[in-house]
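Reading the structure
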Amino acid sequence: MHLETYLAAQRRRVERGLETLLPPARTRLREAMRYSLLAGGKRLRPILVLAAGEVVRAPFRAVLPFACALEMIHTYSLVHDDLPAMDDDAVRRGRPTSHTVYGEGLAILVGDGLLTEAFRVMAEARGVAPARARAAILAVARAAGELGMVGGQALDLAAQGGAATLARVRAIHRRKTGALITASVRTGAIVGGARPALLRRLTAYGEHLGLAFQIVDDILDSTDVPVFDGRTDRVLAKATYPAVLGPAGARVHAARARDAALRAIAPLGPAAEPLRAIAVHVVARAGPAPVAAAAS
Ligand code: GRG
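What comes next concerns the included structure. Please read all numbers here as calculations on a predicted model, not as lab measurements.

The rules behind these values
- Residues numbered from 1 in each chain as written.
- Predicted model: local features only at pLDDT ≥ 70, side-chain atom pairs only at ≥ 80, totals over all residues.
- Heavy atoms only, no water.
- Salt bridge = Lys/Arg side-chain N within 4 Å of Asp/Glu carboxyl O.
- Helix = DSSP H or I, 4+ residues; strand = E, 2+ residues; numbered from the N terminus.
- Buried < 20%, exposed > 50% of the residue type's maximum accessible area, 1.4 Å probe, protein only.
- Phe/Tyr/Trp six-rings, centres within 6.5 Å; stacked < 30°, edge-to-face > 60°.

It is worth spelling out the pattern of salt bridges at this point. Counted by the stated rule, this structure contains eleven salt bridges. Between Arg92 and Asp82 there is a salt bridge, and its shortest N-O distance comes to 2.8 Å. Here the residue Arg92 occupies a position in strand E1 (residues 91-92), and Asp82 occupies one in the loop between helix H4 (60-81) and E1, the gap between them amounting to ten residues. For Arg92, a relative accessible area of 27% corresponds to the partly exposed category. Judged by relative accessible area, Asp82 falls into the buried class, the value being 2%. Arg276 is paired through a salt bridge with Glu273; the nearest N and O atoms lie 2.8 Å apart. Here Arg276 and its partner Glu273 are both found in helix H12 (residues 273-284), three residues apart, which amounts to about one turn of the helix. Salt bridges here are not isolated pairs; linked through shared partners, they connect Glu15, Arg43, Glu71 and Arg93.

Rendered as structure tokens:
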């Protein structure tokens, strides 16, 4: 299987799905929602939904709305994370952030709108047995809400300036980023009716992949430039893996998480090949792990 070809084809299907589910309308809010949602991005989460659906031979048309919903929730989190009250970022996905183009008020509503639309889209999905749809929607709600991503973001806000220990960084990232990635894998599997043992394997894969993804994201983001607290002029502890493990240690942890993800789905056969290739690809983005450290 050629991963780049697979990813490009799945990305196109997701783009078409998003375009259909959120068509243009003559409101500024809709324009702003589409501005952020259709701005590119790797589309990792919806592709994971589709790839997990393939493992259980779920019909594509049943899984696609769930894939698009996961991308809507992810995009909402980015729009809100970029706001001045959070990370205060000016650029996202290579373009000016939502609030810099549309203003803070509308950017808040873009996030609110995308989150809410995601649940409408899942509730309206055709060709999914009601019990499966309900279980998938519940999995997404748990992962996106206070028990997952929103709770993780709150922990991250509270941790700023405190000591960044490995346990704290892991707890933040498991919820802030890992929960939605795990839910993406679970959702595709649940819609396709995965039995409990298979769902457990795919959940473990998602958890390890989420950890690997976050470590790699931290590595790619790390600049080694100290960040100062403007009021006290103290260096702010950053809740990132390279900050607590060093760049080499972070690479080793990412490689271990990838291997654990691959072990979790080792018995699954050729239908799981895209999931395997994605795990390898996610970690390869960080560059090779140091050989001596990897052996320890
Ligand atoms: C504001 C409720 C709320 C939550 C925010 C996920 C998150 C929580 C904030 C995003 C901040 C951030 C950059 C986290 C690092 C990991 C991450 C989610 C990176 C962006 O995801 P990618 O790389 O982005 O999949 P694309 O643009 O490719 O979709």
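Alright, that's what it looks like, and here's the rest.
So, about the packing of aromatic side chains. Tallied over the entire structure, the rule returns one aromatic pair. Summarising the aromatic geometry, the rings of Tyr35 and Tyr102 are spaced 5.5 Å apart at their centres and angled 75° between planes, so their arrangement reads as edge-to-face. In this pair, Tyr35 is assigned in helix H2 (residues 28-37) and Tyr102 in helix H5 (residues 98-102), connecting sequence segments 67 residues apart. With respect to burial, Tyr35 and Tyr102 carry one shared label: buried.

Read these as geometric descriptors, not functional statements.
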